[in-house]
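Results of the structural survey
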Amino acid sequence: MRQQSWIDPFLWTATGLCATVTLWLSVWSVPPGTSAFGGADKVEHAVAYFVTTMLFLLAAVWRPGRGDGVLAPWKWWVLVGVALAGGALEFVQSQVGRKAEFTDWVAELIAVGAAAAVLGWMRARE
């Protein structure tokens, strides 16, 4: 059974928008609420990377009702790429006057792993 044709373009668009906002907030702008409580910036990193990674996995790797996507054979490389991009953005932050923190990257890695786990759980349930 094929689901509505608008879902895949929506997922790709949402992925691009989330990735763009994450890039913008990582390099050019300080996200609001960063100092709301201790560790707030880690929560922001985790949420941004979880949502972006989850959308990308659903668009490119697998989603309910469609099955495998165009990057399904490279799922693990997709995850490694997102994780490395997070590390690279931390390095870029250090070059543009922002504070790069290893613990930010750890939060991003946890989020990428959580997105992979959620996708695995979703696949197992279908």
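Residues numbered from 1 in each chain as written. Predicted model: local features only at pLDDT ≥ 70, side-chain atom pairs only at ≥ 80, totals over all residues. Heavy atoms only, no water.

**A closer look at the packing of helix α2 (residues 40-60) against helix α4 (residues 102-125)**
Their axes nearest at 8 Å, the elements α2 and α4 cross at an angle of 35 degrees. Note that α2 runs across α4; the crossing there is right-handed. When α2 is examined against α4, the residues Asp41, Lys42, His45, Ala46, Tyr49, Phe50, Thr53, Met54, Leu57 and Leu58 are found in contact with a partner set consisting of Thr103, Asp104, Ala107, Glu108, Ala111, Val112, Ala114, Ala115, Ala116, Val118, Leu119 and Met122. (Axes fitted to C-alpha atoms, helices over the stretch in contact; angles between N-to-C directions. Helix = DSSP H or I, 4+ residues; strand = E, 2+ residues; numbered from the N terminus. Left-handed = near helix turned anticlockwise from the far one by under 90°. Contact = heavy atoms within 4.5 Å.)

**Remarks on the pattern of salt bridges**
Going through the model one piece at a time under the given rule, you end up with 7 salt bridges. The salt bridge partner of Arg66 is Asp8, with a shortest N-O separation of 2.7 Å. Note that Arg66 is positioned in the loop between β1 (62-63) and β2 (67-68) and Asp8 in helix α1 (residues 7-27), a separation of 58 residues in sequence. The exposure class assigned to Asp8 is buried, which follows from its relative accessible area of 17%. Two residues, Asp104 and Lys42, come together in a salt bridge whose shortest N-O distance is 2.8 Å. In this pair, Asp104 is assigned in helix α4 and Lys42 in helix α2, connecting sequence segments 62 residues apart. A residue is classified by how much of its surface remains accessible, and Asp104, at 3% relative accessible area, is buried. Residues joined in a network through salt bridges with shared partners are Asp41, Lys42, Lys99, Glu101 and Asp104. (Salt bridge = Lys/Arg side-chain N within 4 Å of Asp/Glu carboxyl O. Buried < 20%, exposed > 50% of the residue type's maximum accessible area, 1.4 Å probe, protein only.)

**Quick look at the layout of surface pockets**
By volume, the second largest pocket is sized at about 200 Å³. Counting only elements with at least two residues in the lining of the second largest pocket, the list comes to α1, α2 and α3 (75-95). (1 Å grid on protein atoms, 1.4 Å probe; cavity = no way out; pocket = protein on both sides within 12 Å on 5 of 7 lines; lining within 4 Å. Points joined across faces, edges and corners; volume = space filled by probe spheres on them.)

**Let's talk about a nonpolar patch on the surface**
On the surface, Phe37, Val43, Val47 and Val51 cluster together into a nonpolar patch covering about 330 Å² of accessible area. Considering the arrangement of structural elements, one finds Val51 in helix α2. We classify Val51 as partly exposed; its relative accessible area is 34%. (Patch = residues over 30% accessible without salt bridge, like charges linked within 9 Å, V, L, I, M, F, W, Y side chains within 5 Å. Areas by Shrake-Rupley, 256 points an atom, 1.4 Å probe, with all protein chains shown as cover.)

**Details of the nonpolar core**
The biggest cluster of nonpolar side chains holds 22 residues, and the ones touching the most others in it are Leu11, Leu57, Val61 and Leu119. A total of 7 residues in this core trace back to one element, the largest contributor, which is α2. When residues no more than four places from it in sequence are discounted, the contact partners of Leu11 are Leu55, Leu58, Ala59 and Arg63. (Core = buried A, V, L, I, M, F, W, Y, C linked by side-chain atoms within 4.5 Å.)

**Regarding the confidence of the model for the protein chain**
Taken residue by residue, the protein chain gives an average pLDDT of 88. The fraction at 70 or more is 91%. Put simply, β2 is where the protein chain has its lowest mean pLDDT, 88, and α4 is where it has its highest, 94. (pLDDT = per-residue confidence, 0-100.)

**Brief notes about the packing of aromatic side chains**
Counted under the stated rule, the structure contains 3 aromatic pairs. Judged by centre distance (5.9 Å) and plane angle (75 degrees), the ring pair of Trp12 and Phe56 falls under edge-to-face. With Trp12 in helix α1 and Phe56 in helix α2, this pair connects stretches of sequence that are 44 residues apart. Using a relative accessible area of 39% as the deciding quantity, one classes Trp12 as partly exposed. Among the residues examined, Phe56 registers a relative accessible area of 21% and is labelled partly exposed. (Phe/Tyr/Trp six-rings, centres within 6.5 Å; stacked < 30°, edge-to-face > 60°.)

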